[in-house]
Amino acid sequence: PKRRKTSHALNKCEIKSLPLGQGEVRRGSMAKQHNCNPIYKHLRQKLRATPTDTERFLWQHLRARSLEDCRFLRQYSIGNYIVDFYCPSHRIVVELDGSQHMDQKKYDDDRTKYIESQGNVMLRFWDNDVLNNINGVLEIIRRGILERTPPNLPLSQGEEIKEGSLGEKIIC
């Protein structure tokens, strides 16, 4: 089989990301923009093959567009960092922190600053919160999605937008 030229992969890295609200991310555009660093490919594959119990548990709730019909990716690269979960259409990063993160606060802060400087929102959860309060964690992620959902097409005649009890927008 023929191999792709390296320059083709590098060209994907140069693609500028679209502003939030410009529709779904298409294959080969922003979805591949960050993840094209070949140095991290093997590490991402290894991390996906050996998830922690907490990652595996949360993934069961995020996979297959099961939360607000949003696609999440596991072990995704953004710059020089690999994040636990990433939703490219809404630029939401979900990070799970175990006890090892208590000792690396400066690193985590720098990492968060960089990831957010790329137009993403970082949602961090302790492993215990995911394992003991999965509904609360999913609700916070859901609210993050709703806050970053681009405006829909114009409303049909007779429709109006109302605010739900949780602050979400409901079309009636």
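Remember, it's a predicted structure, so these values are computed and weren't measured experimentally.

Undergrad: Give a detailed account of the overall build of the protein, specifying residues and quantitative values.
TA: Looking only at helices and strands, the protein features seven helices and six strands. Secondary structure of the protein in N-to-C order comes out as α-α-α-α-β-β-β-α-β-α-α-β-β. Residues classed as buried in the protein amount to 37% of the 172 residues present. In the protein, the proportion of contacts linking residues at least 24 apart, taken out of those at least 6 apart, comes to 56%. Total accessible area computed for the protein in this model is approximately 11,500 Å², and 50% of it derives from carbon and sulfur atoms.

Undergrad: How would you explain the environment of Arg-148 if you had to name every residue and give the values?
TA: For Arg-148, the location among the structural elements is in the loop between helix 7 (134–147) and strand 5 (161–163). According to the relative accessible area criterion, Arg-148 is buried, its value standing at 17%. When the C-alpha positions of Arg-148 and Ile-92 are compared, they lie 8.6 Å apart, and in sequence the two are 56 residues distant.

Undergrad: Tell me what's going on with the sheet that holds strand 3 (residues 92–97), and back it up with residues and numbers.
TA: Reading across the sheet, the four strands line up as 1-2-3-4 and stay open at both edges, with mixed pairing between neighbours. Of all strands in the sheet, those with a lone pairing partner are strand 1 (73–78) and strand 4 (121–126), marking the two edges. The mean angle between the axes of side-by-side strands here comes to 45°, regardless of whether they run parallel or antiparallel. Looking at chain direction, strand 3 and strand 4 are connected through six bridges and run parallel.

Undergrad: Residues and numbers for the pattern of salt bridges, please.
TA: Throughout the structure, instances matching the rule amount to nine salt bridges. In this structure, the salt-bridge partner of Glu-68 is Arg-142, at a minimum N-O distance of 3.6 Å. With Glu-68 in the loop between helix 4 (53–62) and strand 1 and Arg-142 in helix 7, this residue pair connects regions lying 74 residues apart in the sequence. With a relative accessible area of 37%, Glu-68 lands in the partly exposed category. A salt bridge links Asp-110 to Lys-106, with the nearest nitrogen and oxygen atoms 2.9 Å apart. Remark: Lys-106 and Asp-110 occur in helix 5 (residues 105–117); sequence separation between them is four residues, near one turn of the helix. Using a relative accessible area of 31% as the deciding quantity, one classes Asp-110 as partly exposed. One connected set of salt bridges, linked through shared partners, spans Glu-68, Glu-139, Arg-142 and Arg-143.

Undergrad: Please provide a residue-by-residue account of the packing of aromatic side chains, values included.
TA: For the coordinates displayed, the defined rule picks out four aromatic pairs. Relative to Phe-85, the ring of Trp-59 lies with its centre 5.9 Å away and its plane at 10°, an arrangement referred to as stacked. Of this pair, Trp-59 sits in helix 4 while Phe-85 sits in strand 2 (residues 81–87), placing them 26 residues apart in sequence. For the residue pair Trp-59 and Phe-85, the accessibility class agrees, reading buried in each case. Ring geometry for Tyr-76 against Tyr-86: centres 4.6 Å apart, planes inclined by 15°, an arrangement best described as stacked. Linking Tyr-76 in strand 1 with Tyr-86 in strand 2, this pair joins segments that are ten residues apart in sequence. Look at Tyr-86 and you get buried, because its relative accessible area is 1%. Through a chain of ring-to-ring contacts, three or more aromatic side chains come together here, namely Tyr-81, Tyr-107 and Tyr-114.

Undergrad: Give a description of unusual backbone geometry that names residues and reports values.
TA: With a phi close to 45°, Gln-75 is a non-glycine residue in the positive phi region. With respect to the helices and strands, the residue Gln-75 is situated in strand 1. The buried category is assigned to Gln-75, whose relative accessible area is 5%.

Each value, and the rule that gives it
- Residues numbered from 1 in each chain as written.
- Predicted model: local features only at pLDDT ≥ 70, side-chain atom pairs only at ≥ 80, totals over all residues.
- Heavy atoms only, no water.
- Helix = DSSP H or I, 4+ residues; strand = E, 2+ residues; numbered from the N terminus.
- Buried < 20%, exposed > 50% of the residue type's maximum accessible area, 1.4 Å probe, protein only.
- Contact = heavy atoms within 4.5 Å.
- Areas by Shrake-Rupley, 256 points an atom, 1.4 Å probe, with all protein chains shown as cover.
- Pairing = 2+ DSSP bridges.
- Axes fitted to C-alpha atoms, helices over the stretch in contact; angles between N-to-C directions.
- Salt bridge = Lys/Arg side-chain N within 4 Å of Asp/Glu carboxyl O.
- Phe/Tyr/Trp six-rings, centres within 6.5 Å; stacked < 30°, edge-to-face > 60°.

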